[in-house]
Every structure is written in structure tokens, then in C-alpha cells.
Amino acid sequence: MTLADARLGELLTIRQVGGQGGFRRRLLELGLLPGTQVTVKSVAPLGDPIELLVRGASLSIRKQEAATVSVTVDLKGQFRSGSP
Amino acid sequence: MTMAWPNAVSVEVPQKPRPPVILLAGNPNTGKTTLFNALSGEAARVGNYPGITVERRSASINVQNPNGSQEKADLVDLPGAYSLSARSPEEKITLEAILGLASNPVPSLVVLVVDAGQLARNFYLLLQIMELSVPTVVAINMIDEVSSPPSMPELSRCLGVTCVATNARKKIGITELRKAIDQALSSGTPPSINLDYPASLLGELGKIADALPESWQLTESRRRPMALWALTSIGDDELRDIPSELRLACENMRIVRNDHDLDLEIVHTRYAWIEDCLRHAQNKGLSNPPKRLMSERIDRVLLHPVLGFLAFALVTIILFQALFIGADPLIHLIEIGVSACQSVVVHYLPSGWPRDLLVKGIIGGVGNVVVFLPQIALLFAIIGFLEDSGYMSRVAFLIDRVMRLLGLHGRAFVPMISGFACAVPAIMATRTLERQRDRLLTMLVVPLMTCSARLPVYTLIIGALFPPSRLGGWLPLQGTLMVGLYGFAIVATLGAAWVLGRTVVKARRVPLILELPPYRLPHLRSIARMVVSRSGDFLREAGTIILLCTIVLWALLSFPRAPVHNGPAASAMVTHVAQSAQQLPGNARPQSDAERAAETKPIIERSPGAWIGRTLEPVLKPLGFDWRIGVGLVGSFAAREVFVSTMALVYGISDNDTGAEVPLRERMRVERKKDGSRPYSPLVGASLLAFFAIACQCSSTLAVIRRETRTWRWPAFLFAYTGILAWLTSFAIYQGGRLIGLS
């Protein structure tokens, strides 16, 4: 499963950051490392991009790139503010 | 007693030593600029980084020597960055400034501004700077936003650099930060950290370190971090000045070690160190939950599929209203002021060309410059609010889907939409875009938007040359044309963006990474400061060019001198910038003008402007334009709406049939050639409208692009491409219309 098809609010763990080159490096540098917890917080009204909550920050990337990040579901339910 | 400034030691400097340079670095949205203002307290100097048109803001601040005496230091506000690794020249600025490369001065100290709620991610940049052994002080900013702040002594001990808690908006912690800066400047000990990179990685890194260019003058301790920088920056980049050996070394390393995920190894090692450090500092400095919950609640409305777009539409309408209507009273006031100055001068000075130069060239030219200020100030105030509150990122988030079709970032929306008011502030607003290429592309297409200066021209042409009839019996022709022109402008802008983005300013597609910071109350003083600085910048840099243009255009249409008693129409010329056709001069005094007409006729017909108009006629004829329109086009360079008054002038002077002053609109409607045909048929009108819609014959726009790009190349390109496109479009309309039997 990738970030692009994750459901809103699901608590996810990053397994692998695919893609390549500079963009992948930038995602890693922003803290999207394997093992990091992430949630898809919202989807833009026009369907793209999506908003992620990672390490307490809101980051937005496009679905095309989100599809390169594979994740597994941790536990269902709303991601609460203040979680690590 | 000698000073112990890190850069002044042991070097004998014959002249006055340069003040130490302190760099302010940090991620975007950390309140860096607010902290810059809090530290400097005075107006910043705005310049550019060497070789690139990225704004370099700096200010002189007082620092204290160990012996207690005051000394000046240069505080430089670096562009926001998440990391030192760079793919583009503008991203490389941070590294170059920190290392003192590319004719940047070698800094004595870096003050890293950190968002207290985002320590881990912010420390990534800190770590990179510390690896380069640059003396550093950390400002843990927006400390009020975290519920249980980490202990500063503990954090300082873990990191090995001094950390100070600050709240730049409330000016809390600034004194402590200054003290830390003074101390770091006098001690000057660079941090030294050693990360546990995998041994296999380090083993191969030597080859890259060997390929690092001599010109970077790296000390031994900087070779390894720079080799890491090269490895994580080079390849898939747009960097200039990277020696080919270095490129090759990085490529080789990736090939040799292709069984390893090098990027992940490097980034992972750094984050492991950061997490370890934060574990020791007890508290991770999490964002204050109530604050973030509030942000989430606001987003639930502002990013809602329906409500979000309503709010977005509302913001767009406010932007429009402010630029069109809000700025209007001020613009009007400026115009009244300018004409009052002109009347005073006219009243007290004897007539003659020096007076005309003063009145029409200089005072009129200053008016032409100042008249932009209300819109510029308002637009930047609005941008300041949008940026500071965090809504600008949401605008980008909402509209990205549309803007990316043009190969532009969502942030380009505000400059684009401002183009409907005026291209000049819109072009200045492109500074909110990070990539040079995006800025350039936006600048090159925004002048195609229907700016408000085109409206008087459209009103004149549509009113004069098109009958107030209804299409199909119900659709009013004139109104439809006006709406059509707006539609045409949007299509032309989008089309030009699409084409230019794939040709002239082609660049590799850069995926979007957009941070949506929590909503914050805008900081009014910072916004006011920015508005003043932008306006001053415009006056100084673009204003002089615009003033010069106005004087040249005045001269073009005013020499050789006419007999002394030239008519009122002549004196009402070029300077009457915002006059519409209906208010044109001379209505009041019909009889005397007929007499004057004969004498004054030669003025404009013999002027260089008319000569240009006539010279251009062979080029303009296929579009259906005569020399008079040519003169009007020359005049419209001062400002598009001047076309109207220049045309009136052309008619006011060369009027030789009825002798009655008819409003210009009437005049153009009834004008007949010798053979009885209309020189200004609706077909000519359509051709002229298309020409005005596309051609960038606006000296102010060209001047402001020259200011923003620091070269005449791009204004020249814009002028040429819009000119050619306008000619071709008008040609197609006029000749096509004739082919199907329109006259």
C-alpha cells in the first residue's frame, strides 16, 4: 500500500520511500524515513495534492509522488494531535 | 587590547577590518524574518546574492567585544531552507553563504532559527551546519507555542552549541540571544561533532573528497561533510559551476555502491543522532496541542471542498477589490496632487519648452511612478497577511491542481490574479516564488492579463467603433466584446505559460513539497516594514527608468517646438495619464480651436513621434492601422491609457475639416478617408483590440522586469514576443476579416 491510497486519518508507518533522485532525498531529509509514523490528514478539494502529518508537521505532496512511498497501517482510527 | 574576532585573528589587515558577518539561517516558517527585525531594529539593506537575483537582506547591528566596547556587525537574513543539499542555484545560496564561497564574505557566526514545535526536522539543517564546523548559536523560536519547552542548558549540552529560547514577535529572549551572539563571536570555537556514518560509506567518500575543487578552499575538517554534500546534491540537479571531476566522482560512487541506499544511509544517520539528542533533552518540544487543534479546526473550514472554495473566492474578491477599488481614492489623490503641482508651475513659469519639460516630462513622469504605489503597497500588505497567517500555503494547496497544468507552483496564483489590476505590482509579487524559473515564467506571462490600464483603451475603441447593437437580438455587442477580451486574455496567458514553460524557460518538473504551517496571527510591524521596503525599492529602482521613459516620450511628441500659442489640446497631451475619452480636453472652447488648428497642425505631425508613426505605417498597414494609431502606440508606452489622450492630441491638432471639437469617440466614428471609406471600421477596431490585448507596450512593466531580473534581456524578450504575437494576431484578424468580405 502507498500513501496515495491510504485512507484519511489512518495511522501509518513508512516502510519504504521509493522514487528517485533529488525529490526522494528531500522527502527523507524532511523526516519521512522508514519507520516514521505518518497520517494522511486531508486531500485538496480538487483531489490533489494531499496533506500529510509527519513528525508534528503538515506537509503537502502530490499523489503521483505519494504513490512512491509505501506504508503499512498501524492501527485504525483518528490520529490524535500530540502523538509522536 | 586586541579583538578576537575569528576572521580578524592572525591576519594583518592594513585597512579597516570588515565588520564580522552573522548569518541568520533556518527552515521556512520559523519566524526568521521577524527575528531578523527584532535583532536589527532598523531598516534593512536589500541587495542580491552574487550572480543570482535572490534578495539578500542585511542590517548593521551592534555586538559587544569581550572588553565591553561596541562593534558593528552585518546581520544577513538567508533564504529559508530545509537542508544544505541543493539541486538549484538558489538552493545553493545557503551553503555558499555559510562557507563564504562564490564571493560571499566568510561569516563569523551562524544564528540558526528553529521552530520550537519542530525540533527534529529543524535540527537537520543545524546538524549539517555543525558538521561544517561553523560557529553556531541556536534560537529556539516560537517558544510560546510549545506547552512544555525543553531545557535550554540540557539542549545546549547535547548539541554542543548554545541554544536560546526566543519569541521574536513578543521580543522575548532577544537580550539573551544577543548575549549568546557576543559570546560566540568572541570565543569563536566551531562546533565539532562526529556522526556514526557506516564505515563502508566513509571508505568510498575519500574519492569524492579528493575531487572537491581547490577554489572552495576547504579546511581538512570540512572535506568530509562537503563530500557528503556533493553526494547528496549532485546528479539530477540544475547546479552550475560543479567541476566535471566532482560530478564524475559522485556518479562513480553511486555506481560502485549501488547495492547500498546511500541517501538513506546518510539521512538516517543524521536523524538517529538528532533523535538520540532529543531523547536526552527530556522533552521533544511538541507543538502545543490546543494551538494545533485550533489550526486543524480552521483547516476543516478553509480546506473544505465547498466552504474552502467559497473562502478562497472571498479572498480573491478581496484582493481584487483592494487593487481596483481600494487603491482608487489614493490614485485619484495622487493625480490631483500631480495636476496641482503642474498648475502651480504653469502659473509661475514663463511658457516655453523648459516649462513643458518640467510640467509634462518631470512632474508628469514622477506622477507616472507614484501612481503605482497604492496598488503595490496594498498588494504587498495582502501578500504579507496571506503569508504570515499561513493562508498562502493553503492557497497553493487549493489551486495547485490548476497551476501545475501550466508548470507553475500554486503560489503563482496571487501574482497571476494581481495581473488583472496591474502587471507592475504583480511582477513584483513574483518574489514570493522560490524558484527563479517560476518567477521568470510568471513575469513573462502576467503582462498578457487584462490590466486596468487597458480598460480606458478598450472603452474608447469599443465605444467608438462598434455599434451598441445586440447580437442575435439580445446579447449586447459592446459588453460581450469586453467580456470576450477578458476571456481572450486568460486564454492567451495560459497558452503563453504553457508554451514558454516548455521552450524558453524550460526546466525539469519539480515535485511539490509544501509545508502547511499552523495558522498564526499576522505580525503587523513585519508586514508594514515589508510594504515600506518594497515600495521604496520600486521608487528607487524601477521608478527612475519609468521617469526617464516619460521624459523621452514627452520629447518624442513635443519637438520641434510649435509656435508659442499652441492650443489647449497640445498642452493637455501626454501627461494626462488617467483621462478617459469623454473627459478629453477642449470641449469647452469650440470656436477658437478651429483657428488654432491650422497653426498647430505641424507640431505633432513633425514630431519624432509622428515620424515613428509614419515609419511604422508600412508595418502597421496590414493590420489596418494608419499613422495616427502608430503615434498613439508610441504614446501608449508611457502608460497604456495614454493612447487615448495621444489620439485626442493627434486629432486635436490635425483637425482640418469641420473644426468642431467632437469627443474623440465621435471623431473616430465619423472619420472618413478621401474615398469615403472608414479608416476605423469595426474590423480595424477588432484588430486594434487584439493588438492592445497582447502587446506589452508598457514601459513600466518592462522597467520593473528589468529591476527584478537585473538584465535587459528578459524585458527585451517580453517586448519582442508579445509584439510579434500581437502583430500576427491582428494581421490574422484584419486580413482574415477582409477575406470574408468585412471592410
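Treat the numbers as computed from the prediction; the structure is a model and nothing was measured. (Residues numbered from 1 in each chain as written. Chains lettered and ligands numbered in written order. Predicted model: local features only at pLDDT ≥ 70, side-chain atom pairs only at ≥ 80, totals over all residues. Heavy atoms only, no water.)

1. Considering the interface of chain A and chain B
Taken residue by residue, the interface counts 37 residues in chain A and 47 residues in chain B. Joining chain A to chain B, the criterion identifies six salt bridges. A salt bridge links R24(A) to D261(B); its shortest N-O distance comes to 2.5 Å. Scanning the region where chain A abuts chain B turns up 17 residue pairs in polar contact (both at pLDDT 80 or more). At the level of secondary structure, the elements contributing two or more residues to the side of chain A that touches chain B comprise helix 1 (21-29), strand 2 (37-43), strand 3 (50-54), strand 4 (57-61) and helix 2 (63-66) of chain A. Taken together, the residues that form the side of chain A that touches chain B break down as 15 nonpolar, 11 polar and 11 charged. Here three bridges tie strand 4 of chain A to strand 10 (residues 513-515) of chain B, and the two strands are oriented antiparallel to one another. Bridged to L59(A) within strand 10 of chain B is E515(B). (Contact = heavy atoms within 4.5 Å. Salt bridge = Lys/Arg side-chain N within 4 Å of Asp/Glu carboxyl O. Polar contact = N/O pair within 3.5 Å; in protein donor to acceptor, adjacent residues only side chain to side chain. Helix = DSSP H or I, 4+ residues; strand = E, 2+ residues; numbered from the N terminus. Nonpolar A, V, L, I, M, F, W, Y, C, P; charged D, E, K, R; others polar. Pairing = 2+ DSSP bridges.)

2. Digging into the packing of aromatic side chains
Residues and elements named next belong to chain B. This model, assessed by the stated rule, comprises 13 aromatic pairs over all chains. With a centroid separation of 6.0 Å and an interplanar angle of 75°, the aromatic rings of W216 and W229 are classed as edge-to-face. Of the two residues, W216 sits in the loop between helix 6 (199-211) and helix 7 (220-233) while W229 sits in helix 7, which places them 13 residues apart along the sequence. Geometrically, the ring pair formed by F643 and F692 is edge-to-face, given 4.8 Å between the ring centres and 65° between the ring planes. In this pair, F643 is assigned in helix 26 (residues 642-654) and F692 in helix 28 (residues 682-694), connecting sequence segments 49 residues apart. Across the pair, F692 and F643 agree in class, each one buried. Of the aromatic side chains, those joined through ring pairs into one cluster are F309, F312 and F413. Above the plane of the ring of Y519 lies R394, whose end atom (NZ or CZ) is 4.1 Å from the centre. (Phe/Tyr/Trp six-rings, centres within 6.5 Å; stacked < 30°, edge-to-face > 60°. Buried < 20%, exposed > 50% of the residue type's maximum accessible area, 1.4 Å probe, protein only. Lys NZ or Arg CZ within 6 Å of the ring centre and 35° of its normal.)

3. Quick word on the pairing of strand 3 (residues 55-64) of chain B
All names here are of chain B. Counting buried positions along strand 3 gives seven out of 10 residues, so the element sits mostly inside the fold. Pairing analysis gives four bridges linking strand 2 (residues 45-48) to strand 3, with the strands arranged antiparallel. Along strand 3, the bridge assignment pairs R45 with S58. Inspection of the sheet shows strand 3 paired to strand 4 (residues 70-77) by eight bridges, in the antiparallel sense. Each bridged residue has a counterpart across the sheet, and for Q64 the counterpart in strand 4 is Q70.

4. Overview of the pattern of salt bridges
When the charged atoms of two side chains with opposite charge come close together, those side chains can pair. Residue and element names in this part refer to chain B. One pass over the structure, following the stated rule, counts 33 salt bridges over all chains. Close ionic contact of E131 with R270 constitutes a salt bridge, the shortest N to O distance being 3.1 Å. You can see E131 sitting in helix 3 (residues 119-131) and its partner R270 sitting in helix 9 (residues 262-280), a full 139 residues away along the chain. Taken as a pair, E131 and R270 share a single burial class, namely buried. Taken together, the shared-partner salt bridges in this structure form one network comprising R431, R439, D537, R540, R707 and E708.

5. A short note on the sheet that holds strand 5 (residues 109-115) of chain B
All names here are of chain B. If you walk across this open sheet you meet the seven strands as 2-3-4-1-5-6-7, and the pairing is mixed. At either margin of the open sheet sits one strand with a lone partner, and together these are strand 2 and strand 7 (162-165). Each neighbouring strand pair of the sheet contributes to a mean axis angle of 30°, computed without reference to strand direction. In this sheet, strand 7 lies alongside strand 6 (residues 136-141) in parallel orientation, the contact comprising four bridges. Note that in strand 7 the partner of V138 across the bridge is C163. Each of strand 1 (21-26), strand 3, strand 4, strand 5 and strand 6 is contacted by helix 1 (residues 32-40), which is oriented at about 40° to strand 3, the strand it contacts most. (Axes fitted to C-alpha atoms, helices over the stretch in contact; angles between N-to-C directions.)

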